[in-house]
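Analysis of the macromolecular model
Residue strings, one per chain:
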Amino acid sequence: MNRRWKTWLGMVLSLGLLGWIVLSVGLEDLALSFAGMDSAWMFPMVGLFAAGLILRAWRWQCLLAPARKVSMKDCGNIILVGNFANNLLPAKGGDVARAVILSRCCDVRFLFGLTSVAVERIFDGLALLLILQVAGLAVNLAPTFRSTMRDISFGAGALFIGALAGLVAARAFPGMLGWFRALVSRLPGSLGSKAAHIVAGLQDSLFFIRPDREFTGFAALSLIVWLIEGLTVWAGFRAFSVPGSAIDAYFTFAIMNFGGLLPSAPGSIGIHQASTVLSFSMLDLPMQAAIPLSLVVQAVQILFNSILGLGAMRQLHLSFSFFRSKCTEAAPSSDNKLSTQDFS
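A closer look at the nonpolar core
In this structure, Trp60 and Phe251 are the most contacted members of the largest nonpolar core, which totals 92 residues. Take this core: its biggest share by element is 14 residues, from helix 6 (residues 110-138). Once residues lying within four places of it in the same chain are set aside, the contact partners of Phe251 are Leu132, Ala135, Gly136, Val139, Leu141, Met149, Ser279, Met282 and Leu283.

Following this line, the structure appears as structure tokens:
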């Protein structure tokens, strides 16, 4: 399936889910929930997202330390532009944008940057999985949804724990990637050479997985970031008078974010709301508040990333043409100047 069909599939799935859920809950109930919202709780949401951004910039700086000493300001600006791009581009295109911008502005090889973002995503998934498991033990799940909880936990665990195990194994046994590189190089035409080049770049980037203080700090910050940002859902609970605890909010937050793994429109519109409805059903919370809550939390996050992202683009001297010409066609380039020899 080519990229265009994946994009359309995500759009159709997102908008279809959103329309179906809105009609199922009822427009009148949604309007009443919005009317009863305490908008003052939006300010704590902004503060929590700001705290999360600062910690994310620090976390990325820790991870990138062996490759390049990138300032927290640059890390934060690049993350903001990447988050802004995720609101515009399908298939998490902002993650690729971060690697491209890091290469352009901080002289770090594209594949190094892309690998660092991939490692971030793996530890994001592991942190969310831990939050889901702990919250799942504490909340009172409806009996009919216990199997759903097991399925989500198994799927997420297989994906993220398996990815981490693969990286650790490749780091411990470098010959594995060499064998895999030789295998993919046999693919027909230019596909084989491109795949082999990517695997070679990945092999050079595995120094991000390392037993040192910076990486330990990175792993700890991954959990702290999500614990802080998870409180945005608790603020949403208070804004809409949802009778749930902070643990219920963390459970909802984890389900919402795991829903983002599905194909969706930019910004995960629709998928985000469907995941919130699922978590409210699992916790037996009032359904009429699920969609308004998810829309408000998502809107605050999108506006936060968009407004600050535009400012970050200005500081990094980027224009919207950058997304069209670079991020959607990014590929490893021999023009990047750094190699693993620079860090030995």
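Still more to cover.
Focus: the pattern of salt bridges
This structure, assessed with the given rule, holds 8 salt bridges. Note that Arg68 and Asp107 form a salt bridge whose closest N and O atoms lie 3.8 Å from each other. Of this pair, Arg68 sits in the loop between helix 3 (42-64) and helix 4 (72-86) while Asp107 sits in the loop between helix 5 (93-106) and helix 6; the two residues are 39 residues apart in sequence, bridging distant segments of the chain. A salt bridge links Asp124 to Arg121, with the shortest nitrogen-to-oxygen separation between them at 3.1 Å. Placement of the pair is Asp124 and Arg121 together in helix 6, with a separation of 3 residues, close to one helical turn.

What to know about the packing of helix 10 (residues 213-239) against helix 11 (residues 246-259)
Packing of helix 10 against helix 11 brings their axes to within 8 Å, and their N-to-C directions diverge by 110 degrees. The angle between helix 10 and helix 11 falls in the class roughly perpendicular. The way helix 10 lies across helix 11 gives a crossing that is right-handed. Contacts between helix 10 and helix 11 involve Trp226, Leu227, Glu229, Gly230, Leu231, Val233, Trp234 and Phe237 from the first element and Ala246, Asp248, Ala249, Tyr250, Thr252, Phe253, Met256 and Asn257 from the second.

Conventions used here
- Residues numbered from 1 in each chain as written.
- Predicted model: local features only at pLDDT ≥ 70, side-chain atom pairs only at ≥ 80, totals over all residues.
- Heavy atoms only, no water.
- Core = buried A, V, L, I, M, F, W, Y, C linked by side-chain atoms within 4.5 Å.
- Buried < 20%, exposed > 50% of the residue type's maximum accessible area, 1.4 Å probe, protein only.
- Helix = DSSP H or I, 4+ residues; strand = E, 2+ residues; numbered from the N terminus.
- Contact = heavy atoms within 4.5 Å.
- Salt bridge = Lys/Arg side-chain N within 4 Å of Asp/Glu carboxyl O.
- Axes fitted to C-alpha atoms, helices over the stretch in contact; angles between N-to-C directions.
- Parallel < 35°, antiparallel > 145°, perpendicular 65-115°, else oblique.
- Left-handed = near helix turned anticlockwise from the far one by under 90°.

Take it as geometry only, folks, not as evidence of what the structure does.
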